[in-house]
Amino acid sequence: MEAKLQNRVQRYGWDAAAKFYEEGWRAQLMPAQRTLLEVVALVAGEKVIEAACGSGLVTKEMAHAVGPSGEVLATDLSQNMTDLTRANCADDGLSWVTTARMNADDLAVAEGRFDAAVCALGLMYVPEPFAAVQSMRRAVRPGGRVVATVWGERRNCGWAEIFPIVDARVQSEVCPLFYACGVPGALAHDFARAGLTGIAEHRQKEVLEFASDRALLTAMLVGGPVALAVKRFTPQIMAEVEQEFLHSVRDHRSSDGRYLIPGEFVTVRGRR
Ligand SMILES: C[S@@+](CC[C@H](N)C(=O)[O-])C[C@H]1O[C@@H](n2cnc3c(N)ncnc32)[C@H](O)[C@@H]1O
(Lines give C-alpha, C1' and ligand atoms only; values in the text may rest on other atoms or scores of the structure.)
Protein backbone atom coordinates (compact mmCIF):
# COMPACT_ATOMS: atom_id res chain seq x y z
CA MET A 1 0.00 0.00 0.00
CA GLU A 2 1.26 3.48 -0.81
CA ALA A 3 2.64 5.20 2.31
CA LYS A 4 0.39 8.25 2.01
CA LEU A 5 -2.72 6.09 1.83
CA GLN A 6 -1.59 3.93 4.75
CA ASN A 7 -1.03 7.04 6.88
CA ARG A 8 -4.52 8.32 6.01
CA VAL A 9 -6.12 4.96 6.84
CA GLN A 10 -4.28 4.91 10.16
CA ARG A 11 -4.86 8.54 11.05
CA TYR A 12 -8.59 8.57 10.46
CA GLY A 13 -9.04 4.98 11.59
CA TRP A 14 -7.56 5.74 14.99
CA ASP A 15 -9.51 8.99 15.14
CA ALA A 16 -12.61 6.79 14.90
CA ALA A 17 -11.28 4.16 17.32
CA ALA A 18 -10.15 6.63 20.01
CA LYS A 19 -13.30 6.61 22.13
CA PHE A 20 -13.44 2.79 22.28
CA TYR A 21 -9.71 2.15 22.62
CA GLU A 22 -9.22 1.97 26.37
CA GLU A 23 -12.41 0.00 26.96
CA GLY A 24 -11.27 -2.49 24.32
CA TRP A 25 -7.58 -2.83 25.01
CA ARG A 26 -6.44 -1.35 28.31
CA ALA A 27 -6.19 -4.59 30.30
CA GLN A 28 -5.00 -6.71 27.39
CA LEU A 29 -2.04 -4.49 26.51
CA MET A 30 -0.92 -3.78 30.06
CA PRO A 31 1.63 -6.65 30.37
CA ALA A 32 3.43 -5.54 27.21
CA GLN A 33 3.38 -1.89 28.24
CA ARG A 34 4.81 -2.87 31.64
CA THR A 35 7.71 -4.60 29.96
CA LEU A 36 8.44 -1.53 27.88
CA LEU A 37 8.39 0.65 31.01
CA GLU A 38 10.72 -1.72 32.84
CA VAL A 39 13.13 -1.83 29.92
CA VAL A 40 13.29 1.93 29.42
CA ALA A 41 13.72 2.38 33.21
CA LEU A 42 13.12 6.12 33.33
CA VAL A 43 14.34 8.08 36.35
CA ALA A 44 13.31 11.42 37.83
CA GLY A 45 14.27 14.41 35.74
CA GLU A 46 14.62 12.58 32.41
CA LYS A 47 13.18 13.82 29.15
CA VAL A 48 11.34 11.27 27.01
CA ILE A 49 9.57 11.40 23.67
CA GLU A 50 6.82 8.91 22.86
CA ALA A 51 5.72 7.97 19.35
CA ALA A 52 2.16 6.65 18.78
CA CYS A 53 1.03 7.53 22.31
CA GLY A 54 -2.62 6.58 21.72
CA SER A 55 -4.81 7.59 24.67
CA GLY A 56 -1.83 8.06 26.99
CA LEU A 57 -1.75 4.78 28.93
CA VAL A 58 2.06 4.59 28.75
CA THR A 59 2.45 8.38 28.76
CA LYS A 60 0.95 8.68 32.23
CA GLU A 61 3.22 5.97 33.67
CA MET A 62 6.26 7.66 32.15
CA ALA A 63 5.16 11.03 33.51
CA HIS A 64 5.05 9.56 37.02
CA ALA A 65 8.51 8.02 36.53
CA VAL A 66 10.23 11.22 35.38
CA GLY A 67 8.27 13.48 37.76
CA PRO A 68 7.75 17.22 37.46
CA SER A 69 11.47 17.88 37.00
CA GLY A 70 11.33 15.76 33.84
CA GLU A 71 9.48 16.08 30.58
CA VAL A 72 7.30 13.86 28.39
CA LEU A 73 6.46 14.76 24.81
CA ALA A 74 3.67 12.42 23.66
CA THR A 75 3.01 12.27 19.91
CA ASP A 76 0.56 10.41 17.69
CA LEU A 77 -0.61 10.52 14.08
CA SER A 78 -4.26 10.75 15.16
CA GLN A 79 -5.53 14.12 16.40
CA ASN A 80 -8.23 12.45 18.51
CA MET A 81 -5.68 10.21 20.20
CA THR A 82 -3.35 13.16 20.81
CA ASP A 83 -6.24 15.14 22.32
CA LEU A 84 -7.20 12.19 24.50
CA THR A 85 -3.67 11.93 25.89
CA ARG A 86 -3.61 15.66 26.61
CA ALA A 87 -6.97 15.49 28.42
CA ASN A 88 -6.10 12.31 30.35
CA CYS A 89 -2.77 13.75 31.53
CA ALA A 90 -4.36 17.10 32.46
CA ASP A 91 -7.03 15.24 34.48
CA ASP A 92 -4.23 13.57 36.44
CA GLY A 93 -2.39 16.88 36.99
CA LEU A 94 0.60 15.79 34.89
CA SER A 95 1.50 19.29 33.67
CA TRP A 96 4.98 18.23 32.51
CA VAL A 97 3.42 16.22 29.64
CA THR A 98 3.00 18.00 26.32
CA THR A 99 1.40 16.52 23.23
CA ALA A 100 1.75 17.03 19.49
CA ARG A 101 0.37 15.37 16.38
CA MET A 102 3.34 13.81 14.58
CA ASN A 103 4.07 10.82 12.42
CA ALA A 104 6.43 8.37 14.17
CA ASP A 105 8.64 8.33 11.10
CA ASP A 106 9.16 12.09 11.20
CA LEU A 107 9.46 13.32 14.79
CA ALA A 108 9.88 17.07 14.40
CA VAL A 109 12.13 17.78 17.39
CA ALA A 110 15.70 19.02 17.81
CA GLU A 111 18.28 16.27 17.35
CA GLY A 112 19.47 14.72 20.62
CA ARG A 113 16.94 16.60 22.80
CA PHE A 114 15.70 13.53 24.76
CA ASP A 115 17.17 10.90 27.09
CA ALA A 116 14.84 8.23 25.73
CA ALA A 117 12.40 7.59 22.88
CA VAL A 118 9.68 4.94 23.20
CA CYS A 119 6.91 3.50 21.09
CA ALA A 120 4.36 1.03 22.49
CA LEU A 121 2.42 -0.98 19.92
CA GLY A 122 2.69 1.61 17.19
CA LEU A 123 5.41 0.55 14.74
CA MET A 124 3.20 -2.09 13.06
CA TYR A 125 1.12 0.75 11.62
CA VAL A 126 3.95 2.88 10.23
CA PRO A 127 4.55 2.38 6.47
CA GLU A 128 8.26 1.88 7.05
CA PRO A 129 9.08 0.99 10.68
CA PHE A 130 12.81 1.45 10.00
CA ALA A 131 12.16 5.15 9.27
CA ALA A 132 10.44 5.46 12.66
CA VAL A 133 13.38 3.78 14.43
CA GLN A 134 15.73 6.24 12.69
CA SER A 135 13.56 9.13 13.74
CA MET A 136 13.50 7.93 17.36
CA ARG A 137 17.29 7.48 17.31
CA ARG A 138 17.74 11.01 16.04
CA ALA A 139 15.59 12.39 18.86
CA VAL A 140 17.81 11.00 21.64
CA ARG A 141 21.21 12.19 22.85
CA PRO A 142 24.31 10.01 22.43
CA GLY A 143 23.86 7.19 24.98
CA GLY A 144 20.09 7.76 25.04
CA ARG A 145 17.71 4.75 24.92
CA VAL A 146 15.30 3.75 22.19
CA VAL A 147 12.66 1.14 23.15
CA ALA A 148 9.76 -0.19 21.08
CA THR A 149 7.14 -2.87 21.70
CA VAL A 150 5.25 -4.53 18.83
CA TRP A 151 2.96 -7.53 18.41
CA GLY A 152 4.85 -10.80 17.91
CA GLU A 153 4.49 -13.48 15.28
CA ARG A 154 1.17 -13.95 13.54
CA ARG A 155 1.00 -17.65 14.47
CA ASN A 156 1.21 -16.67 18.16
CA CYS A 157 -1.63 -14.14 17.97
CA GLY A 158 -4.97 -15.95 18.09
CA TRP A 159 -7.00 -12.98 16.86
CA ALA A 160 -5.01 -12.53 13.63
CA GLU A 161 -7.85 -13.51 11.28
CA ILE A 162 -9.46 -10.09 11.77
CA PHE A 163 -7.27 -8.60 9.02
CA PRO A 164 -8.07 -11.02 6.17
CA ILE A 165 -11.74 -11.07 7.18
CA VAL A 166 -11.99 -7.27 6.91
CA ASP A 167 -9.59 -7.01 3.93
CA ALA A 168 -11.85 -9.34 1.92
CA ARG A 169 -14.56 -6.65 2.06
CA VAL A 170 -12.56 -3.48 1.38
CA GLN A 171 -10.55 -2.24 -1.58
CA SER A 172 -7.07 -2.09 -0.07
CA GLU A 173 -5.45 -3.92 2.80
CA VAL A 174 -6.03 -2.31 6.17
CA CYS A 175 -2.68 -3.07 7.77
CA PRO A 176 -0.37 -4.69 5.24
CA LEU A 177 2.73 -5.29 7.35
CA PHE A 178 1.14 -5.78 10.75
CA TYR A 179 3.12 -8.87 11.75
CA ALA A 180 6.35 -8.06 9.90
CA CYS A 181 7.91 -6.30 12.92
CA GLY A 182 7.21 -9.30 15.16
CA VAL A 183 9.23 -11.82 13.14
CA PRO A 184 12.19 -12.91 15.30
CA GLY A 185 15.09 -10.49 14.80
CA ALA A 186 13.24 -8.15 12.40
CA LEU A 187 12.89 -5.12 14.64
CA ALA A 188 16.30 -5.72 16.22
CA HIS A 189 17.70 -5.67 12.69
CA ASP A 190 16.08 -2.27 12.08
CA PHE A 191 17.61 -1.01 15.35
CA ALA A 192 21.06 -2.17 14.20
CA ARG A 193 20.62 -0.66 10.72
CA ALA A 194 19.70 2.65 12.36
CA GLY A 195 23.07 2.60 14.17
CA LEU A 196 21.81 1.72 17.65
CA THR A 197 23.99 -0.45 19.90
CA GLY A 198 23.48 -2.74 22.91
CA ILE A 199 20.40 -4.17 21.23
CA ALA A 200 18.29 -6.76 23.04
CA GLU A 201 15.00 -8.39 22.05
CA HIS A 202 12.51 -9.69 24.63
CA ARG A 203 9.56 -11.87 23.58
CA GLN A 204 6.58 -12.43 25.84
CA LYS A 205 3.53 -14.63 25.46
CA GLU A 206 0.32 -13.55 27.14
CA VAL A 207 -3.32 -14.58 27.26
CA LEU A 208 -5.67 -11.74 26.34
CA GLU A 209 -8.97 -11.95 28.14
CA PHE A 210 -12.20 -10.52 26.72
CA ALA A 211 -15.31 -10.77 28.87
CA SER A 212 -17.86 -11.53 26.14
CA ASP A 213 -18.57 -11.61 22.40
CA ARG A 214 -19.41 -7.89 22.55
CA ALA A 215 -16.24 -6.93 24.45
CA LEU A 216 -14.14 -8.81 21.91
CA LEU A 217 -15.95 -7.33 18.91
CA THR A 218 -15.70 -3.80 20.33
CA ALA A 219 -11.93 -4.14 20.72
CA MET A 220 -11.37 -5.79 17.34
CA LEU A 221 -13.76 -3.88 15.12
CA VAL A 222 -14.42 -0.39 16.45
CA GLY A 223 -11.58 0.12 18.96
CA GLY A 224 -8.62 -0.87 16.80
CA PRO A 225 -6.86 -0.61 13.45
CA VAL A 226 -9.78 -1.71 11.26
CA ALA A 227 -12.13 0.96 12.67
CA LEU A 228 -12.12 3.10 9.54
CA ALA A 229 -12.86 0.18 7.22
CA VAL A 230 -15.77 -1.10 9.28
CA LYS A 231 -17.36 2.36 9.49
CA ARG A 232 -18.32 1.92 5.85
CA PHE A 233 -19.90 -1.52 6.27
CA THR A 234 -23.64 -1.94 5.95
CA PRO A 235 -25.30 -3.56 8.98
CA GLN A 236 -25.49 -6.80 6.99
CA ILE A 237 -21.78 -6.86 6.15
CA MET A 238 -20.93 -5.93 9.73
CA ALA A 239 -23.00 -8.88 10.98
CA GLU A 240 -21.24 -11.23 8.54
CA VAL A 241 -17.82 -9.95 9.62
CA GLU A 242 -18.70 -10.36 13.29
CA GLN A 243 -19.87 -13.95 12.78
CA GLU A 244 -16.85 -14.88 10.69
CA PHE A 245 -14.45 -13.39 13.24
CA LEU A 246 -16.17 -15.05 16.21
CA HIS A 247 -15.97 -18.34 14.31
CA SER A 248 -12.21 -17.83 13.81
CA VAL A 249 -11.66 -17.56 17.59
CA ARG A 250 -14.20 -20.20 18.68
CA ASP A 251 -11.47 -22.46 20.10
CA HIS A 252 -10.54 -19.73 22.59
CA ARG A 253 -14.06 -19.32 23.98
CA SER A 254 -14.59 -20.70 27.46
CA SER A 255 -17.86 -22.19 28.71
CA ASP A 256 -18.73 -18.98 30.59
CA GLY A 257 -18.58 -16.91 27.38
CA ARG A 258 -15.17 -15.31 28.01
CA TYR A 259 -12.42 -15.43 25.41
CA LEU A 260 -8.85 -16.31 26.40
CA ILE A 261 -6.84 -15.55 23.29
CA PRO A 262 -3.09 -16.07 22.99
CA GLY A 263 -0.98 -13.09 22.03
CA GLU A 264 2.73 -12.42 21.71
CA PHE A 265 4.64 -9.17 22.16
CA VAL A 266 8.20 -8.21 21.36
CA THR A 267 10.15 -5.43 23.05
CA VAL A 268 13.43 -4.24 21.55
CA ARG A 269 15.87 -1.81 23.13
CA GLY A 270 19.01 -0.07 21.93
CA ARG A 271 21.21 2.93 22.66
CA ARG A 272 22.38 5.72 20.45
C1 LIG B 1 -2.52 0.25 19.44
S2 LIG B 1 -2.46 2.00 19.61
C3 LIG B 1 -1.16 2.12 20.84
C4 LIG B 1 -1.32 3.33 21.69
C5 LIG B 1 -0.43 3.42 22.93
N6 LIG B 1 0.96 3.51 22.60
C7 LIG B 1 -0.69 2.28 23.88
O8 LIG B 1 0.24 1.49 24.13
O9 LIG B 1 -1.80 2.18 24.40
C10 LIG B 1 -1.65 2.45 18.12
C11 LIG B 1 -1.45 3.95 17.94
O12 LIG B 1 -0.57 4.17 16.82
C13 LIG B 1 -0.94 5.38 16.21
N14 LIG B 1 -0.33 5.42 14.88
C15 LIG B 1 -0.64 4.70 13.79
N16 LIG B 1 0.18 5.01 12.78
C17 LIG B 1 1.04 5.95 13.25
C18 LIG B 1 2.12 6.68 12.68
N19 LIG B 1 2.52 6.47 11.43
N20 LIG B 1 2.76 7.59 13.45
C21 LIG B 1 2.37 7.82 14.73
N22 LIG B 1 1.35 7.17 15.31
C23 LIG B 1 0.70 6.24 14.58
C24 LIG B 1 -2.44 5.32 16.23
O25 LIG B 1 -3.03 6.58 16.01
C26 LIG B 1 -2.72 4.73 17.62
O27 LIG B 1 -2.93 5.75 18.56
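Quick note: structure is the one above.
Residues numbered from 1 in each chain as written. Predicted model: local features only at pLDDT ≥ 70, side-chain atom pairs only at ≥ 80, totals over all residues. Heavy atoms only, no water.

Novice: Explanation requested: the overall build of the chain in the structure shown.
Specialist: Helix and strand content of the chain: nine helices and seven strands. Its C-alpha atoms give the chain a radius of gyration of 18 Å, within 12% of the compact-globule value 19 Å for 272 residues. Across the 272 residues of the chain, 55% fall into the buried class. Surface accessibility of the chain: about 11,600 Å² in total, with carbon and sulfur atoms responsible for 50%. In the chain, the 30 positive side-chain charges and the 33 negative ones have mean positions that sit 3 Å from each other. (Helix = DSSP H or I, 4+ residues; strand = E, 2+ residues; numbered from the N terminus. Rg over C-alpha atoms; globule rule 2.2 N^0.38 Å. Buried < 20%, exposed > 50% of the residue type's maximum accessible area, 1.4 Å probe, protein only. Areas by Shrake-Rupley, 256 points an atom, 1.4 Å probe, with all protein chains shown as cover. Lys, Arg positive; Asp, Glu negative; His and termini not counted. Charge placed at Lys NZ, Arg CZ, Asp CG, Glu CD.)

Novice: Is there a simple way to think about the side chain of Ser55 in this case?
Specialist: Within the element layout of this structure, Ser55 appears in the loop between strand 1 (47-51) and helix 2 (57-66). For Ser55, a relative accessible area of 1% puts it in the buried group. Ignoring any residue separated from it by four or fewer positions in sequence, one finds Ser55 in contact with Tyr21, Glu22, Met81, Leu84, Thr85 and Asn88. (Contact = heavy atoms within 4.5 Å.)

Novice: How should I be thinking about the site of the ligand in this particular structure?
Specialist: With respect to spatial proximity, 20 residues lie near the ligand, and among them Tyr21, Gln33, Ala52, Asp76 and Ala120 are the closest. For the ligand, an oxygen atom lies 2.7 Å from a polar atom in the side chain of Tyr21. Within the contact set of the ligand, a nitrogen atom lies 2.9 Å away from a side-chain nitrogen or oxygen of Asn103. Protein contacts shield 99% of the accessible area of the ligand, which totals 590 Å² for the unbound molecule. (Near = heavy atom within 4 Å. Polar contact = N/O pair within 3.5 Å; in protein donor to acceptor, adjacent residues only side chain to side chain.)

Novice: What's the story with the sheet that holds strand 1 in this structure? I'm lost.
Specialist: Paired through backbone hydrogen bonds, the strands of a sheet run either parallel or antiparallel to each other. The strand order across the open sheet formed by seven strands is 3-2-1-4-5-7-6, and the pairing between neighbours is mixed. Two strands bound the open sheet, and with one partner strand each, they are strand 3 (97-101) and strand 6 (197-210). Averaged over all pairs of adjacent strands, the angle between their axes in this sheet comes to 15 degrees, without regard to strand direction. Strand direction decides the pairing type here: strand 1 and strand 2 (residues 71-76), joined by four bridges, are parallel. Across the sheet, the residue bridging to Val48 is Val72, located in strand 2. (Pairing = 2+ DSSP bridges. Axes fitted to C-alpha atoms, helices over the stretch in contact; angles between N-to-C directions.)

Novice: Would you take a moment to explain the pairing of strand 5 (residues 140-151) for this structure?
Specialist: In the case of a regular strand, side chains alternate between the two sheet surfaces. By the criterion of burial, strand 5 is predominantly enclosed, with nine of the 12 residues buried. Examined bridge by bridge, strand 4 (residues 114-120) and strand 5 share six bridges and lie parallel to one another. Within strand 5, the position partnered with Ala120 by the bridge is Thr149. Each parallel crossover has a hand, and the one from strand 4 via helix 4 (residues 129-139) to strand 5 is right-handed. Direction of pairing for strand 5 relative to strand 7 (residues 259-271): antiparallel, over a ladder of seven bridges. Paired with Thr149 across the strands is Thr267, a residue of strand 7. (Right-handed = clockwise from strand over helix to strand, strands pointing away.)

Everything listed is a geometric property; what it means functionally is a separate question.
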